[in-house]
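# Geometric and topological summary
One-letter residues, chain by chain:
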Amino acid sequence: MQLRYRYRLDPAPRHVAALARAFGCARMVFNDALRARQQAHAAGLPFPTDAELSRRLTLAKRSPERVWLAEVSSVVLQQALADLNSAYRNYFTSRSGNRSGPRIQPPRFRSRKDHRQAIRFTRNAYFKVLPNGKLRLPKIGDVPVRWSRPLPSPPSSVTVIRDAAGRYFASFVVEADPAALPKTEPEVGIDLGLTHFAVLSDGRKIDAPRFLRRAEKRLRRRQRDLSRKQKGSHNRDKARLRVARAHARVADARRDFHHQLSTRLIRDNQAIAVEDLAVKGLARTRLAKSVHDAGWSAFVAMLEYKSRLYGRRFHRIGRFTPTSQTCCLCEVKDGPKPLHVRAWRCQGCGAWLDRDINAAVNVARAAGLAVTACGAQVRPGPTLAPRGEAGTPPKSCH
Ligand SMILES: [Zn+2]
């Protein structure tokens, strides 16, 4: 199973210059090949094959106007061609095959102004993690790495990325062997909600951590600032960079939170069930933005791959499971409720039900997991909770 591990790089000015050159050369090779294919297409000629493009690259390096391509690792240039090939492959597949997936655009020319610049080194480029912790990149140098966690095994490739905020990262691909964790008893259903990030069938409600919410607030402020700046002004450029930095901080904080929470859930539970997000039907509403911000799909993807990696069961509950309409105690269905109704009395058994926990229990049940429903019952109370309230604590179960 292939996993990506990403680390921040601290390149010295000489590395930054060499990387800029490598980004530029990779872009040029990519664009030359794209142009060759477009011209062949326009002239009604057969598409130049991958091998033909590769041969042309070798020739280009000997020509005087492309001679500086030799200053960059040839693997980086070959990988730029490989990127173009896979971009075309994806495009043709999406055009010919099923139409249900997202429409993929044909490859576009890369620009120096693109927010993300990247080059890739494969194993035959002889990149190396040195004993002193630096990353040796051919024709770039030994770049310091912030090892936030250890690499589990030798990487098969590394992509060096410069993001919109001007930060550098190394993203390693490693082959990880699935290793089952010791067996455990609990099974859990998860409702991904709007009032809380996640609600568990055992009655726990999990919010995004404060540092993440603070970073999100700062990002919104920066975006407002940016929209007020004059187009094309120097101040707008500065504001744009501040937005990019705030964005990067939010993305990092969110990824950390998702990693910590998914690891904890996988460690503590033998089986996990979540509702398929498309089913929530929120993506098309005006709640779509907050749904997006919550980053659920990235979180669910983490739960899924970690389940495979650590030998846990993972279930995605599909359509037609009305999780918020059915009482998880007596299974009486009493119809849809507007989103602001956070708790209600069941028409069947008279229990006061917490909307989110009830849904989480139903998700677990729909997946056939063994969970109790005791967490879903709450004390009767006002259904409109004050802002920032942490939720009703689950009643103990006897
Ligand atoms: Zn009931």
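This is a predicted model, so every value here is computed, not measured.

What follows covers the sheet that holds strand 11 (residues 205-206). The strand order across the open sheet formed by 5 strands is 11-10-9-12-13, and the pairing between neighbours is mixed. Sheet topology places strand 11 and strand 13 (313-317) at the edges, where each strand pairs with a single neighbour. Both strand 10 (residues 198-200) and strand 11 contribute to a ladder of 2 bridges, which runs antiparallel. When the sheet's bridge partners are listed, A198 is paired in strand 11 with I206. Contacting strand 9 (187-191), strand 10, strand 11, strand 12 (271-275) and strand 13, helix 8 (residues 355-366) crosses the sheet at an angle of about 130° to strand 9.

Throughout the structure, instances matching the rule amount to 9 aromatic pairs. Ring plane angle 20° and centroid distance 5.8 Å describe the contact between Y88 and F92, whose orientation is recorded as stacked. Remark: F92 and Y88 occur in helix 3 (residues 74-96); sequence separation between them is 4 residues, near one turn of the helix. Residue class for Y88 comes out buried when judged on its relative accessible area of 8%. Ring geometry for F197 against F257: centres 5.1 Å apart, planes inclined by 70°, an arrangement best described as edge-to-face. In this pair, F197 is assigned in the loop between strand 9 and strand 10 and F257 in helix 5 (residues 234-268), connecting sequence segments 60 residues apart. Overall, the relative accessible area of 7% leaves F197 in the buried class. Its relative accessible area of 7% is what places F257 among the buried residues. Note that R6 overlies the ring of F169, its terminal NZ or CZ placed 3.9 Å from the centroid. Over the ring of F30 we find R110, and its NZ or CZ is 3.9 Å from the ring centre.

With that settled, consider the packing of helix 1 (residues 13-42) against helix 3. Contact geometry for helix 1 and helix 3: axes closest at 9 Å, N-to-C directions at 45°. Here helix 3 runs oblique to helix 1, going by the angle between their axes. When you trace helix 1 past helix 3, the crossing you get is right-handed. Facing A22, C25, A26, V29, F30, A33, L34, R37 and Q38 of helix 1, the residues of helix 3 in contact are V76, L77, A80, L81, D83, L84, N85 and Y88.

A separate point is the coordination of the zinc ion. Note on metal geometry: ideal angles are 109.5 degrees for four donors arranged tetrahedrally and 90 or 180 degrees for six donors arranged octahedrally. Protein coordination at the zinc ion: the donors are C327 (SG), C330 (SG), C346 (SG) and C349 (SG), at 2.3 Å from the metal. Taken together, the 4 donor atoms surrounding the zinc ion define angles of 102 to 114° at the centre, an arrangement classified as tetrahedral. Going along the chain, you hit the donors of the zinc ion in the pattern C-x2-C-x15-C-x2-C. Here C327 falls in the buried class, since its relative accessible area comes to 2%. Overall, C330 belongs to the partly exposed group, its relative accessible area being 30%.

A word on the pairing of strand 1 (residues 2-9). The pairing of strand 1 with strand 8 (residues 168-175) spans 8 bridges and is classified as antiparallel. Paired with Y5 across the bridge in strand 8 is F172. With 2 bridges joining them, strand 1 and strand 6 (residues 145-146) adopt antiparallel strand pairing. Across the sheet, residue L9 finds its bridge partner in strand 6, namely V145.

Our focus in this paragraph is the packing of helix 2 (residues 50-62) against helix 3. Orientation of helix 2 relative to helix 3, taken along the N-to-C sense of each, is 145°, at an axis distance of 11 Å. Our pair here, helix 2 against helix 3, has a crossing hand that is right-handed. Contacts between helix 2 and helix 3 involve D50, L53, S54, L57 and K61 from the first element and S74, L77, Q78, L81, L84 and N85 from the second. For the contact of helix 2 with helix 3, the class distribution of residues is 5 nonpolar, 4 polar and 2 charged.

The rules behind these values
Residues numbered from 1 in each chain as written. Predicted model: local features only at pLDDT ≥ 70, side-chain atom pairs only at ≥ 80, totals over all residues. Heavy atoms only, no water. Pairing = 2+ DSSP bridges. Helix = DSSP H or I, 4+ residues; strand = E, 2+ residues; numbered from the N terminus. Contact = heavy atoms within 4.5 Å. Axes fitted to C-alpha atoms, helices over the stretch in contact; angles between N-to-C directions. Phe/Tyr/Trp six-rings, centres within 6.5 Å; stacked < 30°, edge-to-face > 60°. Buried < 20%, exposed > 50% of the residue type's maximum accessible area, 1.4 Å probe, protein only. Lys NZ or Arg CZ within 6 Å of the ring centre and 35° of its normal. Parallel < 35°, antiparallel > 145°, perpendicular 65-115°, else oblique. Left-handed = near helix turned anticlockwise from the far one by under 90°. Donors = N, O, S within 2.8 Å, 3.2 Å for Na, K, Ca; no water. Tetrahedral: all angles 85-135°; square planar, octahedral: opposite > 155°, others 65-115°. Nonpolar A, V, L, I, M, F, W, Y, C, P; charged D, E, K, R; others polar.

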